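# Inside the fold
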Amino acid sequence: MGEVTSHRDIDLKKRNYLTNCLFVVGFLDLFGVSIIIPLLSRHATSLGATPSLVGLIGSVYGGLQFFSGPVVGKLSDLIGRRKVLLWCLVFSAVSYAIRGLATNLIILVVSRVISGIFKHSSSTAKAYLAEITPKDERPKVFGRFNAISSVGFIIGPVCGGYMADDISGICRVAFITTTLFLINAAVVYLFVEQVGTRGFPHTESVAKFAPEDFNLRPSDFIKSFKHILGAGSDIFLIRFLFGASVILLRSNYSLYLEKRFDASAQTTGWIISFGAVVSTLGGFLAGTVVKRYSSLERMSLHSTAMLTIVLIVMTSSVNLSMFVVASGLLSIATSLTRVCMTDLSISRSGTDDTGATLGLGQSLMSFARVVSPLLSGIALEFTTAGPGMMSIALAGFGTYLVFSRLVGTLSAEMEKSKKVD
């Protein structure tokens, strides 16, 4: 494999083949990550970390993701998705192997630094999908990618949760995660072909003719990102607000459920898996739901309003059963909102900068992962409802922006079009 194929000439059979391969990549990626989630905090504390230091180590990962996301995304635009995807998977495998062998906090931090720089496999795979998928089919394909990836999140937390009380569990789980990422890299290497970057062969003559398409100068990176932000700054802000609102509630999920409902690690694992099951169904239904709307802007208004209402219900839940039902609805609302925002951001910036667009979106989510755990932890010091109240405030503001900036702009454009006609 590895042959260069122009995305303009790719036929339906080849597109479906590559799409299914990338679905497999998404599943293995999220399964490998989710299986180790219930063990991360306990591993750090077993090495002597205090709760605040655990949060700081998590912020290191988010901070590095914030800076590396746009760079990795732009590199995939310039040198090809396949090559960057392979790098991401192999170095992620290395980071998880180091984590399993960590005997002190310094080695643990080193593993987090590596994964913080290179763990961009999901966004790179999505950029690849955007490149080979016609615009009108992207919401359905993104929805299915998210759904199939979520299947991995169904299995992983349960497996990891049952190993949480085993002192040797982290080594075993880290080995499994490393193996899954190496298998994923093998899938990409053997079965995923490179689609030509922007439709041009990367030769010396072409590079001289169109140097702006192939250079790695910082000034051109900045120029590209200015274009993306100029075209969709409101969408990126909305994505950040809703991402942060959900992360605030979920960043200290185990501690939150333990303090509020006296939930065990196994119970938390099952709740996370339940949310992933519902998210999978929501992903598969996304394409059908999109067809019922005249525009993604209107669909995003309904999905974000639903997300805000569900956060209110979760925060005011009087028992665990009510919380679990609401968490399922949150998974559906989050899945639909993610599909809308991803496709809207790509449509605004253009397919030439798809990798950079998704990388920048990933970067914003990484920034949310830096601040949200710290804010959530501080809020929990005062009241168990603190993280939920902060989530509601962010989501409410985000819904207002969707109504005023996206739906409002769309309505104005439609009214202007009618006057012209």
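### Structural notes on the overall build of the protein
For the protein, the count of helices and strands is 16 helices and 2 strands. Going through the 421 residues of the protein one by one, you find that 54% of them count as buried. Restricting the contact set of the protein to residue pairs at least 6 apart, pairs at least 24 apart contribute 85%. Accessible area of the protein: about 18500 Å², with a carbon and sulfur share of 67%.

### Examining the packing of helix H4 (residues 81–101) against helix H6 (residues 121–132)
The description of two helices packed together rests on the angle between their axes and the distance between the axes. It is at 9 Å that the axes of H4 and H6 come closest, and there the two elements cross at 165 degrees. On the basis of their axis angle, the class for H4 and H6 is roughly antiparallel. Once H4 is placed against H6, the crossing between them reads as left-handed. On H6, the residues touching Arg81, Arg82, Val84, Leu85, Cys88 and Leu89 of H4 are Ser121, Thr124, Ala125, Ala127, Tyr128 and Glu131. The class makeup of the residues in the contact of H4 with H6 is 7 nonpolar, 2 polar and 3 charged.

### As for the confidence of the model for the protein
Confidence along the protein averages 78 in pLDDT terms, with 77% of residues attaining 70 or more. No element of the protein has a lower mean pLDDT than helix H9 (residues 204–209), which averages 39, and none a higher one than H4, which averages 94. Across residues 1–7, where pLDDT falls below 50, the model places 27 contacts with residues more than four positions away in sequence or in other chains. Between residues 198–216, whose pLDDT stays under 50, and residues either more than four places distant or in other chains, the model counts 27 contacts.

### Concerning the packing of aromatic side chains
Tallied over the entire structure, the rule returns 6 aromatic pairs. Summarising the aromatic geometry, the rings of Phe23 and Phe145 are spaced 6.4 Å apart at their centres and angled 45 degrees between planes, so their arrangement reads as tilted. With Phe23 in helix H1 (residues 12–34) and Phe145 in helix H7 (residues 138–163), the pair connects residues that are 122 residues apart, well separated along the chain. On the basis of relative accessible area, Phe23 is assigned to the buried category, the value being 9%.

Rules used throughout
Residues numbered from 1 in each chain as written. Predicted model: local features only at pLDDT ≥ 70, side-chain atom pairs only at ≥ 80, totals over all residues. Heavy atoms only, no water. Helix = DSSP H or I, 4+ residues; strand = E, 2+ residues; numbered from the N terminus. Buried < 20%, exposed > 50% of the residue type's maximum accessible area, 1.4 Å probe, protein only. Contact = heavy atoms within 4.5 Å. Areas by Shrake-Rupley, 256 points an atom, 1.4 Å probe, with all protein chains shown as cover. Axes fitted to C-alpha atoms, helices over the stretch in contact; angles between N-to-C directions. Parallel < 35°, antiparallel > 145°, perpendicular 65-115°, else oblique. Left-handed = near helix turned anticlockwise from the far one by under 90°. Nonpolar A, V, L, I, M, F, W, Y, C, P; charged D, E, K, R; others polar. pLDDT = per-residue confidence, 0-100. Phe/Tyr/Trp six-rings, centres within 6.5 Å; stacked < 30°, edge-to-face > 60°.

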